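# Chain and residue survey
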Amino acid sequence: MEKPSNLLLKVTRQLFTNVDEQTKFIDALVHPQPFAPCILWCQDKPEISPFSVQTPTHWQPHFVDRLSLGEKPGKHSLHEQGSFYCLDFSSVFSASVLLAIPESISMVFDMCAAPGGKSVFAWRALKPDLLITNEVIGKRLGMLISNLKRCQIKPSGVVNRDSSIFAELLPASSNLVMVDAPCTGQSLLAKNEKAPGCFHSTSINKSANRQKRIIANSAQVVAPQGYLAYMTCTYSPEENEQVCEWFLERFPHFQAVKVDHLSTFQSRLTSIPCYRMFPQYRLGAGAFTALFKNAMEGDAKRVDLESMSAMWRYRSM
């Protein structure tokens, strides 16, 4: 991109009233700069890091390191050994809403899991008894399975079904359901990657409708007193705040959870507790995140893992 399109300008004006902030946001997309690499330690950190590490943010989990520019952690032998997982710091931001969950979590279901970064985060942060990861796109399964194997994430399993199947087969079963929703991927531009048509209203509306369908199906999998985490890597309000508002209207037994450590990132576009990272902050390419709690009383329904045997694409117990 050499200059901002009218479609980008339209989204920018939705997001920011301040002209200086609009300019910074557009510049971050039109002239993208590299972000510091980031790693999530799957095992205990070594006492002396093999990398040059930046000062952590106040909300950054202890098992995450943001590295200096120029570090290439993916080429280190510890990566191949599964000691850590490489991810964008925006993903850490999104997944950090899970740190606001005070209860112990028995079962985590990641509805849109590939390539696996947020699944690994949930496993590391919450230490669930079982992590089930789902990926509906078949060609992305190999990457997800490879990462779970390499990082020795267990007990875990991988399934490959549409979200509607789980709404029917696993109702009220999971203490936490994560929805890293498929989106227009506008933040890819901040990483100097392509996202054709990402600001076009047709693409945005198509994504928003798909997101609503997935979050509605996912809500039915959440156990009483359980949680649903909704995340995207895009900027459009139609795919973010407006999905959350639609969700709470459709499912009034869910309540948005205030995440204190992200309070400075609160979206100005809604009164609902939900949080945004923008690329001009220079932490990551951008993300949106919100956490909801199912206020209904009752017990989680037991999952018969053996009855799911035909679904498993990978299982490590």
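Residues numbered from 1 in each chain as written. Predicted model: local features only at pLDDT ≥ 70, side-chain atom pairs only at ≥ 80, totals over all residues. Heavy atoms only, no water.

Quick look at the packing of aromatic side chains now. The description of an aromatic ring pair rests on the distance of the ring centres and on the angle between the ring planes. Overall, the coordinates contain 19 aromatic pairs when judged by the stated rule. Between Trp41 and Phe84, the ring centres sit 5.4 Å apart and the planes meet at 75°, which makes this aromatic pair edge-to-face. Taken together, the positions of Trp41 in strand E1 (residues 38-41) and Phe84 in strand E3 (residues 84-86) put the pair 43 residues apart, joining distant regions of the chain. Accessibility classification places Trp41 together with Phe84 in one group, the buried group. The interplanar angle of 85° and the centroid separation of 5.9 Å between the aromatic rings of Phe278 and Tyr281 together place this pair among those described as edge-to-face. Connected via pairs of aromatic rings, a cluster forms that spans Phe16, Phe25, Trp59, Phe89, Phe93, Tyr235, Phe265, Phe278 and Tyr281. Positioned over the ring face of Phe89 is Arg66, at 5.3 Å from the centre of the ring. (Phe/Tyr/Trp six-rings, centres within 6.5 Å; stacked < 30°, edge-to-face > 60°. Helix = DSSP H or I, 4+ residues; strand = E, 2+ residues; numbered from the N terminus. Buried < 20%, exposed > 50% of the residue type's maximum accessible area, 1.4 Å probe, protein only. Lys NZ or Arg CZ within 6 Å of the ring centre and 35° of its normal.)

With that settled, the discussion passes to the nonpolar core. Of all hydrophobic cores here, the largest spans 47 residues; its most connected members are Leu98 and Leu176. At the level of elements, E1, helix H4 (89-95), helix H5 (117-126), helix H6 (141-150), strand E7 (174-180), strand E8 (222-232), strand E10 (275-277) and strand E11 (287-294) are the ones that each hand at least two residues to this core. Looking at this core element by element, the count peaks at five residues for H5. With sequence-adjacent residues up to four places away left out, Leu176 is seen in contact with Leu98, Ile101, Ile105, Met107, Val108, Phe109, Leu126, Tyr227 and Ala229. (Core = buried A, V, L, I, M, F, W, Y, C linked by side-chain atoms within 4.5 Å. Contact = heavy atoms within 4.5 Å.)

Taking the numbering used here, the UniProt-annotated feature "binding site: S-adenosyl-L-methionine" (unreviewed entry) corresponds to Cys112, Ala113, Ala114, Pro115, Gly116, Gly117, Lys118, Glu135, Asp162 and Asp180. Positionally, Pro115 belongs in the loop between strand E4 (107-110) and H5. Every residue in contact with Pro115, bar those within four places of it in the chain, is listed here: Tyr85, Arg140, Met143, Leu144 and Asn147. Along the chain, the position of Gly116 falls in the loop between E4 and H5. In this structure, Gly116 is in contact with Tyr85 and Leu144, ignoring residues within four places of it in sequence. (UniProt positions renumbered as here; feature names shortened; annotations may be inferred.)

Residue Pro115 is reached from Ala114 by a cis peptide bond, and omega for that bond is 5°. Geometrically, the link from Lys154 to Pro155 is a cis peptide bond, its omega value of 0° lying close to zero. Within the secondary structure, Pro155 sits in the loop between H6 and strand E6 (156-159). Unusually for a residue other than glycine, Gln152 sits at a positive phi of about 55°. Along the chain, Gln152 turns up in the loop between H6 and E6. Phi at Ala172 is positive, roughly 50°, even though this residue is not glycine.

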